[in-house]
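Residue-level structural notes
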Amino acid sequence: MHLAQTFLAHPEWLGFLIDAGHLQYPRKEQGLRRELSDRLQPLLASRDYAGAFSTLREFKLREHCRIAVRDLARLGNLPETIGELSSLADVCLSGALQVCALQFQERHGQPFHQDVDGRWQATPFCVLGMGKLGGQELNYSSDVDLLFVYGDEGQVFKEPPTKGKSPSPVMASHAYFNRLAAAFIGEVTRLGPEGFLFRVDMRLRPEGDAGPLCRSLGSYENYYSQWGQTWERMMLIKARCVAGDASLAGEFLEMIQPFRYPRFVGEGTLREIAAMKQRIENEVVRAGELDRNVKLGRGGIREIEFVVQAQQVLHAGRNPFLQGAQTLPLLQKLAQYDLLPEATTQQLAGAYCFLRDVEHRLQMEGNLQTHTIPTGRLAQERLARLMGFGDAKSSLTKPVRRRSRDAVVAPDDPSPSGALTAFNTALQQHMRVVRAAYEALLQTDGGAGEFPFPLHFVGVETEWRALLEARRFREPAKAFKLLREFVEGPGHVHISSRTTECARQMLARLLAMCPAANEEAAPARVLSDPDRVVARMDSFIAAYGARATLFETWHSNPAFFDLLVWLFDRSEFLAELAIRTPDLVDELVAGDRLRQRKVAADILADLRHGLNDADQHQWLRRYHEAEFMRIGCREILGLADLAQHTVELTALADACLQYALEVVARRRRLKRAPFAIIGLGKLGGGEITYGSDLDIVFVAPDDTKELPKLQRLAVDLMDLLSARSELGCVFATDARLRPDGEKGLLVNTLRAHADYYRQRAQLWELQAISRARFVAGDAKTGTRYLACVATLTDFRPARNGDPKLPACFTPDWKGEMHRMRLRIEKERTPAGQDELAIKTGRGGLMDVEFMAQCFCLAHGWQEPNTLRALERAQAAGLLPEAETFLESYRELRRVEGILRRWSYEGETGLPDAPAPFHRVSVRCGFASPEEFLKALKGWRKLIREVYCQVFKPG
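Residues numbered from 1 in each chain as written. Predicted model: local features only at pLDDT ≥ 70, side-chain atom pairs only at ≥ 80, totals over all residues. Heavy atoms only, no water.

Details of the overall build of the protein chain
To keep things clear, this is the line we draw: Helix numbering and strand numbering both begin at the N terminus, where a helix is a DSSP run of H or I of at least 4 residues and a strand a DSSP run of E of at least 2. Only the C-alpha atoms count toward the radius of gyration. The rule for a globule is 2.2 Å times the residue count to the power 0.38. Accessible area is worked out with a 1.4 Å probe on protein chains only. A residue is then buried under 20% of its type maximum, exposed over 50%, and partly exposed in between. Here, two residues are considered to be in contact whenever any of their heavy atoms come within 4.5 Å of each other. Under the convention used here, a 1.4 Å probe and the Shrake-Rupley method define accessible areas, while residue burial counts only the protein chains that appear. We score Asp and Glu as negative and Lys and Arg as positive, and we do not count His or the chain ends. We put the charge of a Lys on NZ, of an Arg on CZ, of an Asp on CG and of a Glu on CD.
The helix and strand inventory of the protein chain stands at 39 helices and 14 strands. In terms of overall dimensions, the protein chain is more spread out than a globule: its C-alpha atoms have a radius of gyration of 37 Å, far above the 30 Å expected for 954 residues. Counting across all 954 residues of the protein chain, residues that qualify as buried make up 56%. Counted over contacts in the protein chain with a minimum sequence separation of 6, partners at least 24 positions apart contribute 71%. As displayed, the protein chain offers around 41600 Å² of accessible surface, 51% of which is attributable to carbon and sulfur atoms. Taken together, the 124 basic and 122 acidic charged side chains of the protein chain have centroids lying 3 Å from each other.

Here it is in structure tokens:
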């Protein structure tokens, strides 16, 4: 576009432009759209489509001239100029699509598709702008980067089809929309007397020039999920509807949202972005132009855009305030959220405005698509003056008078050499600032590093097996075969080079977790059984199915891969669950649910979403399976310590009990809970861990009249939780701690419970109810039950002789507890295996539990949680060597949890065989079994010593 030539061709526009009202303020899109519509409607009504396109080109040319005059006169700043250019493009592209669509409908008919109910719906179509058009940052001579999208596959009909009547189709919708897209491109790029509308670039579409011009929404979703790359994430950040159906465009943008703004990205993402820019410098920018190309050269516009978009790829998935398409506002956001220093973002914003100004003035010369500073002295001086430089003494801090504050320019001066010197100084300083900021984020000299193991498998089998043996693989030959398949695939499917490269990187991560004897590594980050991990990984990949998608996901989110590795090494039962249902772990990572802390109310609210499910057994098990995996993964990754882990598992148990009660009560049309559910044991203490049973008792109000019906209700509730299916069970429930044990009523009144404990219960039963906690059901009855328990389990000396004390109470109750503990130690600890019996043996967990219950009984404390009871004893000065004792107890609890996490069984002892004992040692964070055994002995010795002081006679 040369302004002088344009005005010679259209002298009538001078009056339009001289009118200050057309130059003083930027035009809004609504005004442009309204004016163009008024011009097009008569032409469309008369089917003068050639006239319509001519009008479009003329309108675009006139408005371009207006924007350029306003820009050159410094009446508008850069955001206004690029905003107007982008709005003009939107309006013109929308008008062109309208004309093309009308022509195609007249000629071929209209596309339709069937919805889920079988009804025919008109298929929508839209045009998405990418790049500078999508970001509303268009140049005077920019290409417009486009994507074409249609709603669904279907057929084209001359007459609208109905559910019962379908006329013969003209063609498939895919063919129709691709022809429409081709016709649209042809008209937009067609050269007429008024010039052309826009150059169109379709290379950003899936598969580039080899791909179809247009795809359905589902096809785009499949492509980006299977094959999308980092450059496509960055490209889609600027995607925006510019023409056609806005609702369809909204669906597209919602669909690609997780792809363009991932919550997790791979460690190599910045390296990939830097490599893209390096390829541009090597392959696109001409030799000798790297320092003169203000767009693609060193320190150019593209580097500012890459800095912004790289930060968006890294952070915008977790911080939605960083999502957006425009460079200048996002630079402010990067400073606001401390991702870049404010001084840097201000410098980059100034450089962006300056360089875009230069780009615009270059492109005003003959409407050329250039970004390179000319080499001729006269051309450079002309550019300097167009930029407002004219003072040999001007500086970056001396701007010309104008409405805008975005460009760094200087006042006029008759000296051309002074203008050029000042311009070059400003240009070089801006480009140095940009390059420095770019290199600070995207180092171009860093590489992925060499693969620290043999790159291939064929011909180096001996080397691989020696390497695996050194890294403690028990069966190197078998592991070699599985690792080869991991990298190269099973042989019967094609594996892309990209997938193989991702596999090599993951293999390096895996083998780094299996250090050789001469390599240092933190014991807690070493695999205990690499052979089993590799076998489980192979099974998981087979179950997942989509190998390329899985490996790409691991590449972009290595933490997902690490989670699976630790899951397969630390828990056999969770590994089997992950292999059986691969989506469980996938959804956990994708939804960032691993960082959630849920209380019972949150879980219960989730469960209630399934109240109308026909199969409550399956609903409960599906939910429990997913939630148990989430809680287990949190603990394995160290996102929840032992205390938090037991709190979360207890919350899951509480919510499942409450929900099961609601389900069975609803079946019987009960308006309120007919009894209270009381938790005892680990449930009562809030100490549920892997494989824990739920010890429960059912307590009904004293005025209950139909106890037999409540027995059946309780049975149904326990069945709902405990019955085994192909998905396992939710929780095993145990009601044997009720009065009279298995011979007693499953549900009994509060009075019956009180009478039993007062008259017939044994001391161990009072120990059991000292850990009582109301869990679900009738809260009023639950409160009364706990009040009764508080009286029954208060053995303070002041109450000696109190008739309300239970019949089993004796002054030597503490000695009786001690004798019971020794009897358990003798009868439940296998002969010769005391040092392995971490629960029942000397100094085991039962020592601690008995101590906590003793403190509660002796002082009338109603504290069912073992650790909190001990901390209360510590505060009261009753616990000898409290700090080291509590630490020993926590460590022993941690070992128990690690044992149970592996097998999901109520483990009471360590394995006696050397190999499994070694694996447990590693899982517990010890470098050798000897160190582990030494630590165990120290903890248990201290626990038994303190136990003896608490239970000493007198």
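Some words on the packing of aromatic side chains
What counts here: In this analysis, rings of Phe, Tyr and Trp, with Trp reduced to its six-membered ring, are considered paired at centre separations within 6.5 Å, and the interplanar angle assigns stacked below 30 degrees, edge-to-face beyond 60, and tilted for intermediate values.
Inspection of every chain in the model, using the stated rule, returns 37 aromatic pairs. Their ring planes at 15° and their centres at 4.8 Å tell us that Y150 and F177 sit as a pair that is stacked. Within this pair, whereas Y150 is found in strand 4 (residues 144-150), its partner F177 is found in helix 8 (residues 173-189), the two being separated by 27 residues in sequence. As far as the burial class goes, Y150 and F177 line up, both buried.

Notes on the pattern of salt bridges
Where charged atoms from two side chains of opposite charge come close, those side chains can pair. Rules: Salt bridge, as applied in this entry: a Lys or Arg side-chain nitrogen positioned within 4 Å of an Asp or Glu carboxyl oxygen.
Tallying each qualifying case throughout the model produces 67 salt bridges. Between E35 and R27 there is a salt bridge; the shortest N-O distance is 2.9 Å. Put simply, E891 and R894 hold a salt bridge, and the shortest N to O gap is 3.2 Å. Of this pair, E891 and R894 both sit in helix 37 (residues 882-903), three residues apart, roughly one helical turn. Residues participating in the shared-partner salt-bridge network are R27, E35, R39, R62, E63, R66, R70, E80 and E84.

What to know about the packing of helix 5 (residues 49-72) against helix 6 (residues 78-108)
Worth spelling out the cut-off: Between N-to-C directions, angles cover 0 to 180 degrees, with each direction set by a line fitted to C-alpha atoms, over the stretch in contact for helices. Roughly parallel refers to an angle under 35 degrees, roughly antiparallel to one over 145, roughly perpendicular to one between 65 and 115, and oblique to any angle outside these ranges. For this classification, Asp, Glu, Lys and Arg are treated as charged, while Ala, Val, Leu, Ile, Met, Phe, Trp, Tyr, Cys and Pro are nonpolar and the rest, including Gly, are polar.
Following both chains from N to C, one finds helix 5 and helix 6 inclined at 180°, their axes separated by 10 Å at the closest point. With respect to helix 6, the element helix 5 is oriented roughly antiparallel. Taken together, the residues of the contact of helix 5 with helix 6 break down into 14 nonpolar, four polar and eight charged.

Remarks on helix 8
Quick reminder of the rule: A helix is expected to span 1.5 Å for every residue after the first.
Compared with the 24 Å implied by 1.5 Å per residue over 17 residues, the 24 Å span of helix 8 between its first and last C-alpha is a close match. Among the residues making up helix 8, those that are buried are S173, Y176, F177, N178, L180, A181, F184, I185, E187 and V188.

Here we look at the confidence of the model for the protein chain
Using the following cut-off: How sure the predictor is of each residue is captured by pLDDT, a score from 0 to 100.
Here the protein chain shows a mean pLDDT of 87. Residues at 70 or above account for 91%. The secondary-structure element of the protein chain with the lowest mean pLDDT is helix 1 (residues 3-9), recorded at 61, while strand 10 (residues 676-680) shows the highest, at 97. Note on residues 391-415: pLDDT is under 50 here. Beyond four places in sequence and across chains, it has 68 contacts. For residues 444-449, every residue scores under 50 in pLDDT, and the model assigns this stretch six contacts once sequence neighbours within four places are set aside.

Side note on the environment of W566
Topologically, W566 is positioned in helix 23 (residues 558-570). W566 gets classed as buried once you look at its relative accessible area, which sits at 4%. Put simply, W566 and C633 are 67 residues apart on the chain and 8.9 Å apart in space, counted from C-alpha to C-alpha.

Overview of the sheet that holds strand 2 (residues 120-122)
Two orientations exist for strands paired in a sheet by backbone hydrogen bonds: parallel and antiparallel. Here is the rule: At least two DSSP bridges between two strands are needed for those strands to be called paired.
Ordered in space as 2-1-5-6, the four strands form an open sheet in which the pairing is antiparallel. The open sheet terminates on both sides in strands that have one partner only, identified here as strand 2 and strand 6 (171-172). Summarising the sheet, strand 5 (residues 155-157) and strand 6 pair through two bridges and their orientation is antiparallel. Residue pairing in the sheet places V156 in a bridge with M171 of strand 6.

So, helix 15 (residues 342-363)
The end-to-end C-alpha separation of helix 15 is 31 Å, in line with the 32 Å expected for 22 residues at 1.5 Å each. The buried count for helix 15 comes to 17 of 22 residues, which makes it a mostly enclosed element.

A few points about the pairing of strand 11 (residues 694-700)
Spelled out, the test is: Here is how to tell: hold the view so the strands point away, follow the path from the first strand over the helix to the second, and if it runs clockwise the crossover is right-handed.
Among the seven residues of strand 11, seven are classified as buried, and the element is accordingly described as predominantly covered. Bridge count for strand 10 against strand 11 is five bridges, and the pairing is antiparallel. Looking across to strand 11, one finds that A676 is bridged to V699. Direction of pairing for strand 11 relative to strand 12 (residues 733-734): parallel, over a ladder of two bridges. Looking at the pairing, L694 lines up with T733 of strand 12. In terms of handedness, the path from strand 11 via helix 30 (residues 707-722) over to strand 12 forms a crossover that is right-handed. Where strand 11 meets strand 13 (residues 747-749), three bridges bridge the pair, whose relative direction is parallel. Residue pairing for strand 13: F698 is matched across the bridge by V747.

Looking at the environment of V664
Within the secondary structure, V664 sits in helix 28 (residues 642-667). Distance in space between the C-alpha atoms of V664 and D529 is 44 Å, their sequence separation being 135 residues. Ignoring sequence-local partners within four residues, the contact set of V664 consists of L713, D716, L717 and L720.

A short note on the packing of helix 36 (residues 866-875) against helix 37
Helix 37 packs onto helix 36 with a crossing angle of 175° between their chain directions and a minimal axis gap of 11 Å. Considering their axes alone, helix 36 and helix 37 lie roughly antiparallel with respect to each other. Facing helix 36, whose interface residues are T866, L867, L870, E871 and Q874, helix 37 presents A882, E883, F885, L886, Y889 and R890. Classifying every residue of the contact of helix 36 with helix 37 gives six nonpolar, two polar and three charged.

Digging into the state of the cysteines
Condition: The disulfide definition used here is simple: a pair of cysteine sulfur atoms within 2.5 Å.
Evaluation of the coordinates by the stated rule reveals zero disulfides. There is no disulfide at C729, and the cysteine sulfur nearest it, in C656, is 11 Å away. Here C788 stays unpaired: no disulfide links it, and the sulfur of C808, its closest cysteine neighbor, is 13 Å away. In this structure C788 comes out as buried when scored by relative accessible area, which is 17%.

Here we look at the nonpolar core
Heads up, the condition is: In plain words, nonpolar cores are sets of buried Ala, Val, Leu, Ile, Met, Phe, Trp, Tyr and Cys residues tied together by side-chain atoms within 4.5 Å.
The biggest cluster of nonpolar side chains holds 98 residues, and the ones touching the most others in it are F486, W554, L567, F568, M629, F698 and L717. Per-element tally for this core: the top contributor is helix 28, with 12 residues. Of all hydrophobic cores here, the second largest spans 69 residues; its members include F809, L836, L879 and L942.

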